[in-house]
There are 2 protein chains.
Amino acid sequence: MILEKTCPRCGAVVEIYRNPFPTTDIIVVRAGRVLLIRRAAPPEGWALPGGFIDYGESAETAARRELEEETSLHARSLSLLGVYSEPGRDPRFHTLTVVYVAEADGEPQAGDDAADARWFSLDQLPREIAFDHRRIIEDAARRIKG
Amino acid sequence: MILEKTCPRCGAVVEIYRNPFPTTDIIVVRAGRVLLIRRAAPPEGWALPGGFIDYGESAETAARRELEEETSLHARSLSLLGVYSEPGRDPRFHTLTVVYVAEADGEPQAGDDAADARWFSLDQLPREIAFDHRRIIEDAARRIKG
């Protein structure tokens, strides 16, 4: 798909090839609880720690970086849960997220794009969860139980 | 990362946020053989069928579309093998590929970006394989055997 962007100087149309934006989200589960952050920017709600994968950065490196920036926790291990890429999953634009299950020690401290970081029981998730993260958490819970 | 592109009319710099390009590759294995295509465009060599994920298209839809365009085969089922996103895996630019193992009936006919489409024994892969596809095929073979 071609995205048209406007030249800031002359207003001409500059054509850019556009692809889904690759992102990563990280599920840390400990003793039946999952770590969520409260988003500081819209769309509001609780969400998995995560964010955009930078050019020149692997998905795994981005996952570790985002977890650390938003919760201060260091991932000890990462294993791939899945890829979620339905066009409507993010109300802002089309993202494709690579989701990892991570193990991490210590207690979270919110930072960067996170206004808060807390543990939630898998049986009692908050009502307002952004994107398709409720479905992703349920998929992870099934895998952990199974 | 910010990519600078030049306005075609006035030559001003237009700044664009740049992310890795999401792609998909498809592994069809049948009776100990894997389906590869010979690339019509550089980088040359044999490769898994695959290509860019379009904006507005899920990874699974892109995988089915690319397999059909390049080999004429229809994927009966898809299961996620892994995500490969090391920055150096494509010599042209940074891609992140979502790899599926697919089942498909019938015999391939090369089309679109594929100059040829053939089955190769997993024990006797061609010497020239593009990107990190040899490693991906080996990972898939291990999973199928295990």
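Criteria and thresholds
- Residues numbered from 1 in each chain as written.
- Chains lettered and ligands numbered in written order.
- Predicted model: local features only at pLDDT ≥ 70, side-chain atom pairs only at ≥ 80, totals over all residues.
- Heavy atoms only, no water.
- Helix = DSSP H or I, 4+ residues; strand = E, 2+ residues; numbered from the N terminus.
- Buried < 20%, exposed > 50% of the residue type's maximum accessible area, 1.4 Å probe, protein only.
- Contact = heavy atoms within 4.5 Å.
- Polar contact = N/O pair within 3.5 Å; in protein donor to acceptor, adjacent residues only side chain to side chain.
- Salt bridge = Lys/Arg side-chain N within 4 Å of Asp/Glu carboxyl O.
- Buried area = accessible area lost by both parts, 1.4 Å probe.
- Nonpolar A, V, L, I, M, F, W, Y, C, P; charged D, E, K, R; others polar.
- Disulfide = S-S within 2.5 Å.
- Phe/Tyr/Trp six-rings, centres within 6.5 Å; stacked < 30°, edge-to-face > 60°.

K.L.:
Please provide a residue-by-residue account of the environment of S79(A), values included.
P.N.:
All names here are of chain A. Looking at the element boundaries, S79 is found in strand β7 (residues 75–84). A relative accessible area of 32% means that S79 is categorised as partly exposed. As a C-alpha pair, S79 and G50 span 29 residues in sequence and 15 Å in three-dimensional space. Look past the residues within four positions of S79 in its chain and what remains in contact with it is V99, Y100, V101 and R143. At a separation of 3.1 Å, a polar atom in the side chain of S79 contacts the side chain of R143.

K.L.:
Tell me about the pattern of salt bridges, and name the residues and values.
P.N.:
Two side chains that carry opposite charge are able to pair once their charged atoms sit near each other. All names here are of chain A. On inspection of all chains with the given rule, the structure shows 24 salt bridges over all chains. D105 is paired through a salt bridge with R76; the nearest N and O atoms lie 3.0 Å apart. One end of the pair, D105, is in the loop between β8 (95–104) and β9 (114–121); the other, R76, is in strand β7, with 29 residues separating them in the sequence. By relative accessible area, D105 is classed as partly exposed at 49%.

K.L.:
Before we move on, could you go through the interface of chain A and chain B and cite the residues and values that matter?
P.N.:
With 37 residues of chain A at the contact, the number on the chain B side is 37 residues. Summed over both partners, the interface of chain A with chain B buries about 3,000 Å², with 66% contributed by carbon and sulfur atoms. Looking at the side of chain A facing chain B, the largest losses of area belong to V14(A), N19(A) and Y55(A), adding up to 22% of the total buried there. Taken together, the links from chain A to chain B amount to zero salt bridges. Where chain A packs against chain B, one counts twelve residue pairs in polar contact (both at pLDDT 80 or more). Where the side of chain A that touches chain B is concerned, the elements lending two or more residues are β1 (2–6), β2 (13–17), β3 (21–30), α1 (59–71), β7 and β8 of chain A. Residues of the side of chain A that touches chain B, tallied by class, amount to 21 nonpolar, eight polar and eight charged.

K.L.:
Can you explain the state of the cysteines? Please cite residues and give values.
P.N.:
Within this structure, the stated rule accounts for zero disulfides over all chains. Cysteine C7(A) is unpaired, with the sulfur of C7(B) as its nearest cysteine sulfur at 3.6 Å. You can call C7(A) buried: its relative accessible area is 3%.

K.L.:
Run through the environment of W119(B), naming residues and quoting values.
P.N.:
Residue and element names in this part refer to chain B. Relative to the assigned elements, W119 resides in strand β9 (residues 114–121). For W119, a relative accessible area of 13% translates into the label buried. Between the C-alpha atom of W119 and that of S79, which follows or precedes it by 40 residues, the distance is 20 Å. When near neighbours in sequence (up to four residues on either side) are disregarded, W119 contacts V28, R30, R33, V34, L35, G106, E107 and P108. There is a polar contact of 2.8 Å between the side chain of W119 and the side chain of E107.

K.L.:
Could you give an account of the packing of aromatic side chains, naming the residues involved and the relevant values?
P.N.:
All names here are of chain A. Counted by the stated rule, this structure contains eight aromatic pairs over all chains. Aromatic side chains W46 and F120 sit 4.8 Å apart centroid to centroid with 70 degrees between the ring planes, which places their arrangement in the edge-to-face category. Taken together, the residues W46 in strand β5 (residues 46–47) and F120 in strand β9 connect sequence positions 74 residues apart. For the pair F52 and F93, a centre-to-centre distance of 6.1 Å together with 45 degrees between the ring planes defines the contact as tilted. Of this pair, F52 sits in strand β6 (residues 50–52) while F93 is found in the loop between β7 and β8, placing the two residues 41 residues apart along the sequence.

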